[in-house]
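Inside the fold
What follows is the residue order along each chain.
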Amino acid sequence: MESEVHLRPAVPEATTEDEPAIKEVISKVKSQGLFDQFRKECIADVDTKPAYHNLLQRVESYVEHFLQGQKWSLSANKNQLRETLRRRLHNSGMMQNGVERIIEQVVNPKILLGIKPKIDEAVCDHLGIDLKARQEEQQRRRQEQQKLLLQQMQQQQQHVQSLQSQNVKNGEPVFPPSGSTPSAGPNPWVNPAMVNYPSSSIPGVGAPAPGVPGANPQTMGGNFPGIVNWIQ
């Protein structure tokens, strides 16, 4: 549990003291046109994602089904009809779920490579932080975390090896002996009730089969005595 705390530190939540700085950074980012740039890049990729086409097909099918159930007339209130359709689409949850999937496919791939670096640069510039020094510090922390994780894995491996060595000293095999084969169990094809069955009472087994010429107990072989000569 302690290692998990070091590897995954909790992210502190913003307090009321941080709100003025956050608003200033957001205002600065907007004034630089970064938000407009992000929006244009994301919108340009929307119609290339499967989630968009899936939502488009579902909405078109829903609208078509809705309109088929309406009675058309010259006096129909189009605004009311449009509002009813919009409300039903909203209540169905189709739009919300579809838009969330679109955001996942469009925005998430751009966060680490496109959005986050520019936001980090704007934040560091506003707070007077050296961006290069911050990146070097983050890289150093990642290396320390990887080193700590590697040490933990090595300690676990050494612990397992120690347990195996202790079992060997106590005479307990760690693995099954090489070359050993498990003992064969009972044959599932053999009927236990027929194992000790008297051979003389079974036609063709231990006695000539009635009506079968040339049946000889001495020449009956295999697991099915009497069958060989009968076939011949």
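Rules behind the numbers
Residues numbered from 1 in each chain as written. Predicted model: local features only at pLDDT ≥ 70, side-chain atom pairs only at ≥ 80, totals over all residues. Heavy atoms only, no water. Helix = DSSP H or I, 4+ residues; strand = E, 2+ residues; numbered from the N terminus. Areas by Shrake-Rupley, 256 points an atom, 1.4 Å probe, with all protein chains shown as cover. Salt bridge = Lys/Arg side-chain N within 4 Å of Asp/Glu carboxyl O. Buried < 20%, exposed > 50% of the residue type's maximum accessible area, 1.4 Å probe, protein only. Core = buried A, V, L, I, M, F, W, Y, C linked by side-chain atoms within 4.5 Å. Contact = heavy atoms within 4.5 Å. Axes fitted to C-alpha atoms, helices over the stretch in contact; angles between N-to-C directions. Parallel < 35°, antiparallel > 145°, perpendicular 65-115°, else oblique. Left-handed = near helix turned anticlockwise from the far one by under 90°. Nonpolar A, V, L, I, M, F, W, Y, C, P; charged D, E, K, R; others polar. Polar contact = N/O pair within 3.5 Å; in protein donor to acceptor, adjacent residues only side chain to side chain. Expected span 1.5 Å × (residues − 1).

With that settled, consider the overall build of the chain. The helix and strand tally for the chain stands at 9 helices and 0 strands. Starting at the N terminus and walking to the C terminus, you meet the elements of the chain as α-α-α-α-α-α-α-α-α. Approximately 19,400 Å² of the chain is accessible, and the part contributed by carbon and sulfur atoms is 55%.

One pass over the full model with this rule turns up 9 salt bridges. For the salt bridge of aspartate 120 with arginine 134, the shortest nitrogen-to-oxygen distance reads 4.0 Å. A residue pair is termed long-range when its members are at least 10 positions apart, and aspartate 120 in helix 7 (residues 108-127) and arginine 134 in helix 8 (residues 131-169) qualify at 14 residues. Take arginine 134: its relative accessible area is 29%, and that puts it in the partly exposed class. One salt bridge connects glutamate 144 with arginine 140, and the closest N-O pair in it is separated by 2.4 Å.

To continue, consider the nonpolar core. Membership of the largest hydrophobic core is limited to 12 residues, which are Cys42, Val46, Ala51, Leu55, Val59, Phe66, Leu81, Leu85, Leu89, Met94, Ile102 and Val106. At the level of elements, helix 3 (34-46), helix 4 (50-68), helix 5 (78-92) and helix 6 (94-106) are the ones that each hand at least two residues to this core. Among the elements that take part in this core, helix 4 stands out by supplying 4 residues, more than any other. In this structure phenylalanine 66 touches Leu81, Thr84, Leu85 and Arg88, once residues within four positions along its chain are discounted. The next biggest cluster of nonpolar side chains, apart from the first, holds 6 residues, and it includes Val29, Leu34, Phe38 and Ile115.

This paragraph deals with the packing of helix 4 against helix 6. Contact pair helix 4 / helix 6: the axes reach a minimum separation of 8 Å and the direction vectors enclose 165°. In terms of axis orientation, helix 4 runs roughly antiparallel to helix 6. Seen from above, helix 4 lies across helix 6 with left-handed handedness. Together, Pro50, Ala51, Tyr52, Leu55, Arg58, Val59 and Tyr62 of helix 4 and Met94, Met95, Gly98, Val99, Arg101, Ile102 and Gln105 of helix 6 make up the contact between the two elements. Among the residues making up the contact of helix 4 with helix 6, the classes are represented as 10 nonpolar, 2 polar and 2 charged.

Okay, the side chain of threonine 84 next. Here threonine 84 is to be found in helix 5. Threonine 84 sits in the buried class, given a relative accessible area of 17%. Here glutamine 80 takes part through its backbone oxygen, which lies 2.9 Å from a polar atom of the side chain of threonine 84.

Now for helix 4. Between its first and last C-alpha atoms helix 4 spans 27 Å; for 19 residues at 1.5 Å apiece the expected length is 27 Å, and the two agree. The elements touched by buried residues of helix 4 are helix 5 and helix 6.

With that out of the way, let us pick up the packing of helix 3 against helix 7. At their nearest, the axes of helix 3 and helix 7 sit 11 Å apart, and the two run at 170° to each other. The angle between the axes of helix 3 and helix 7 places the two elements in the roughly antiparallel class. On helix 7, the residues touching Leu34, Gln37, Phe38, Glu41, Cys42 and Asp45 of helix 3 are Lys110, Gly114, Ile115, Lys118 and Ile119.

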